[in-house]
2 protein chains.
Amino acid sequence: MDESRRKVIATLGGGAAAVGLLGTAAVRTVVAEDKPTVTTPKKEVLDEKGQVVHQPLPYVPLDPKAVAERAYHNYYKGDCMYGAFTSIVEGLAEKVGEPYTSFPTTVTRYGAGGVLGWATLCGALNGAAMAVYLVSKEPMPAIDEIYNYAQAVPLPEYVPEKAKFKITPSVSHSTLCHVSVSKWCDASGKKAFSPERADRCAQLVASVAKKTVEVLNAQAQGSFKAAFPLPDEVKACRACHDQKSTLENTRGKMECAPCHEGHPKS
Amino acid sequence: MDESRRKVIATLGGGAAAVGLLGTAAVRTVVAEDKPTVTTPKKEVLDEKGQVVHQPLPYVPLDPKAVAERAYHNYYKGDCMYGAFTSIVEGLAEKVGEPYTSFPTTVTRYGAGGVLGWATLCGALNGAAMAVYLVSKEPMPAIDEIYNYAQAVPLPEYVPEKAKFKITPSVSHSTLCHVSVSKWCDASGKKAFSPERADRCAQLVASVAKKTVEVLNAQAQGSFKAAFPLPDEVKACRACHDQKSTLENTRGKMECAPCHEGHPKS
């Protein structure tokens, strides 16, 4: 272990004796002058290789429809990533209490419009992944299922009880905000900054939050089975380009064809 | 205000009397049976339109190089998003204390490899944006500067003191993980899952964390000025396709040409 690594671990109060970040059983109390008493969870546990050990928070099954309704309304409070993430955390706060009750959810507003309008990763998917990682013992298959679903299914598919608009669904074939928005503009004939587009994203957030809860519930109940495996087309691309392939010159699970159409030449 | 909106606000304990989430001055203590005493910040303040008000946490200038060094080592503990985000939060925890000391940073591991290997948004950029939003009074110009920098500059540009490998820098022209990795594989001749590629990403995380701290410091000191404005090519595309344009059929600030080369036909 080098000196800097040792220092990092010491700073974090880590090592074999440490307990999990946000672990529900062990907290320590810090009292500082002129500051309120704050009860803080201890920091990360590191494994033998020095990597942070994944320690999900307790999860109890939630009502997918109730979370979807909450997500729809939370979109209008804090945009897409906030809508997806906060709705699940709030659902758990009602059933479990701490540490969900005080979880700092507002920071997830940064993911709005694929990160404050950059239109990179869809905020609903960014928020869903963060929520999954927070609570799932096996986050990768859960995220794979949600992302493959979001690329393949006409969205939105969940219609909130008091939806502002009737929305034309569209298939994005992408996890990216700007691709998803463009596809929907084509399908609906509406503009990218119209109130209908905002409501389309609110309903998409509701749909993704509902799917996320369904996946988390299935994992918690031991009944999870992927309904949306990696598409064969993506597997074919990965066979030449991804890990342990001949070229091994990229990585990822996004649909390839929408941006790399015509390759390989048939 | 409709019934559901009223209900959401009531659930959150919001309204005019509420104070900010994670506000440093006001916290309430919840005591539940069989649970530790947990001191929780109150929930969001909503504005007149029902939207969550942005309330950044206190920021004090950090040493960009010290954060970069920490980010390099944190990459090896928790991957790219964790590396970028946690290093800034830990720097602030040392100088400010709470609420940074107990901030639940480990959840940001979900952003690894563009969200658990999906290779969507670069994890360093996902983590940087989250850190910016947490502390900046004006997060959008800060994120714009960091993202435009990350697309335009050969990265990594910061070499950690005890770097494992000498890394060939490359320009990504993208905010996406898989594009950035592919460009680097081309430039370096190395494979996408080689130890050199991992170290390249660790050094890229260090570079992005350093840039992020420089931007946050400049904002805090009132001297911020964008060195990497939106490229003219992107402005030209937005003039036909983005908000208030003729077509208005997409959105975003990513470089367009790498995926939309040859359009419009010249």
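The structure this text deals with has already been given above.
Computed from a predicted structure; not experimentally measured.

*Asks:* Now, about the overall build of chain A: what can you tell me, with residues and values included?
*Replies:* Regarding its fold elements, chain A presents 7 helices and 2 strands. Of the regular secondary structure in chain A, the N- to C-terminal order runs α-β-β-α-α-α-α-α-α. When burial is assessed residue by residue, chain A has 57% of its 266 residues classed as buried. Sequence separation of 24 or more characterises 59% of the internal contacts of chain A that already satisfy a separation of 6 or more. Summed over all atoms, the accessible surface of chain A reaches about 11300 Å², with 55% contributed by carbon and sulfur.

*Asks:* Talk me through the nonpolar core; I want residue IDs and the actual numbers.
*Replies:* Ranked by internal contacts, the top residues of the largest apolar core, which has 120 residues, are Tyr110(A), Leu134(A), Tyr147(A), Tyr110(B), Leu134(B) and Tyr147(B). For this core, the secondary structure elements donating two or more residues are α2 (64–96), α3 (123–135), α4 (139–152) and α6 (195–220) of chain A together with α2 (64–96), α3 (123–135), α4 (139–152) and α6 (195–220) of chain B. Filtering out sequence-adjacent residues up to four positions away, Leu134(B) remains in contact with Val107(A), Pro56(B), Leu57(B), Phe85(B), Val89(B), Tyr100(B) and Phe103(B).

*Asks:* So what's going on with the packing of helix α5 (residues 177–188) of chain A against α6(A)? Which residues, and what values?
*Replies:* All names here are of chain A. Packing of α5 against α6 leaves a shortest axis separation of 11 Å and a crossing angle of 120°. Relative to α6, α5 is oriented oblique. Classified by chirality, the crossing of α6 by α5 is right-handed. Together, Ser180, Val181 and Trp184 of α5 and Glu196, Arg197, Arg200 and Leu204 of α6 make up the contact between the two elements. The class makeup of the residues in the contact of α5 with α6 is 3 nonpolar, 1 polar and 3 charged.

*Asks:* Residue-level account of the pattern of salt bridges, with values.
*Replies:* Residues and elements named next belong to chain A. Going through the model one piece at a time under the given rule, you end up with 20 salt bridges over all chains. With a closest N to O distance of 3.7 Å, Asp242 and Arg238 form a salt bridge. For Asp242, a relative accessible area of 7% translates into the label buried. Through salt bridges with shared partners, a single network forms among Arg70, Glu90 and Glu94.

*Asks:* Could you give me a rundown of α6(B), with the residues and numbers involved?
*Replies:* Residues and elements named next belong to chain B. For α6, spanning 26 residues, the distance from its first C-alpha to its last is 37 Å, which sits close to the expected 38 Å at 1.5 Å a residue. Burial runs high along α6: 21 of the 26 residues are buried. Immediately beyond the C-terminal end of α6, within one or two residues, lies Gly222, with a positive phi of roughly 75°.

*Asks:* So what about the side chain of Thr175(B)? Which residues, and what values?
*Replies:* Structurally, the position occupied by Thr175(B) is in the loop between α4 and α5 (177–188). Setting aside residues no more than four positions away along its own chain, Thr175(B) makes contact with Trp118(A), Thr120(A), Thr120(B), Leu121(B), Cys122(B), Leu125(B), Tyr147(B), Gln151(B) and Met254(B).

*Asks:* Could you give me a rundown of the packing of α2(B) against α3(B), with the residues and numbers involved?
*Replies:* All names here are of chain B. Put simply, α2 and α3 touch, their axes get as near as 5 Å, and they point 30° apart. Judged by the inter-axis angle, α2 sits roughly parallel to α3. Crossing geometry of α2 relative to α3 is assigned as right-handed. Only Gly123, Ala124, Asn126, Gly127, Ala128, Met130, Ala131, Leu134 and Val135 of α3 make contact with α2, whose side of the interface consists of Cys80, Met81, Ala84, Phe85, Ile88, Val89 and Leu92. In terms of residue class, the contact of α2 with α3 is made up of 13 nonpolar, 3 polar and no charged.

*Asks:* I'd like a rundown of α2(A), residues and numbers included.
*Replies:* All names here are of chain A. Given a rise of 1.5 Å per residue, 33 residues ought to cover 48 Å, yet the end C-alpha atoms of α2 are separated by just 16 Å, more than 12% below that figure. Helix geometry: α2 is bent most strongly at Gly78, by close to 135°. Its side-chain oxygen placed 3.1 Å from the backbone nitrogen of Lys65, Asp63 serves as the N-cap of α2.

*Asks:* Break down the side chain of Ser102(A) for me, citing the residues and quoting the values.
*Replies:* Summarising the element assignment, Ser102(A) is placed in the loop between α2 and α3. Separated by 2.8 Å, the side chains of Ser102(A) and Glu98(A) make a polar contact.

Quick notes on the rules
- Counting from 1, residues in each chain are numbered in the order their sequence is written.
- Note on labels: chains are lettered from A, ligands numbered from 1, in written order.
- Local features are withheld for residues below a pLDDT of 70 in this predicted model, meaning they are given only at 70 or higher, and side-chain atom pairs are given and counted only at 80 or more; totals for whole chains, interfaces and linings count all residues.
- To get the side-chain values, take all heavy atoms of the structure and skip hydrogens and water.
- Secondary structure elements are taken from DSSP: a helix is a run of H or I of four residues or more, a strand is a run of E of two residues or more, and numbering for both begins at the N terminus.
- Remark: exposure states derive from per-residue accessible area (1.4 Å probe, protein chains only) relative to the maximum for the residue type, with buried under 20%, exposed over 50%, and partly exposed in between.
- Should any heavy atoms of two residues lie within 4.5 Å, those residues are considered in contact.
- Shrake-Rupley sampling with a 1.4 Å probe provides the accessible areas, and residues are treated as covered by the protein chains on show and by no other component.
- To form a nonpolar core, buried Ala, Val, Leu, Ile, Met, Phe, Trp, Tyr and Cys residues must be joined to one another through side-chain atoms within 4.5 Å.
- Every axis corresponds to a line fitted to the C-alpha atoms, with the helix fit spanning only the stretch in contact, and the corresponding angles, defined between N-to-C directions, vary from 0 to 180 degrees.
- Oblique is the label for any angle not under 35 degrees, not over 145, and not in the 65 to 115 range, which are roughly parallel, roughly antiparallel and roughly perpendicular in turn.
- Take the far helix as your reference; a near helix turned counterclockwise from it by less than a right angle gives a left-handed crossing, and one turned clockwise gives a right-handed crossing.
- Gly is put with the polar residues, along with every residue not named as nonpolar or charged; the nonpolar set is Ala, Val, Leu, Ile, Met, Phe, Trp, Tyr, Cys and Pro, and the charged set is Asp, Glu, Lys and Arg.
- Any Lys or Arg side-chain nitrogen located within 4 Å of an Asp or Glu carboxyl oxygen qualifies as a salt bridge.
- Each helix should span, by expectation, one fewer than its residue count multiplied by 1.5 Å.
- Note on bend: the value at a residue is the angle between axes fitted to the seven residues ending there and to the seven starting there.
- In protein, a polar contact requires one atom able to donate a hydrogen and another able to accept it; more generally it is a pair of N or O atoms within 3.5 Å, and residues adjacent in sequence count only if both atoms are side-chain atoms.

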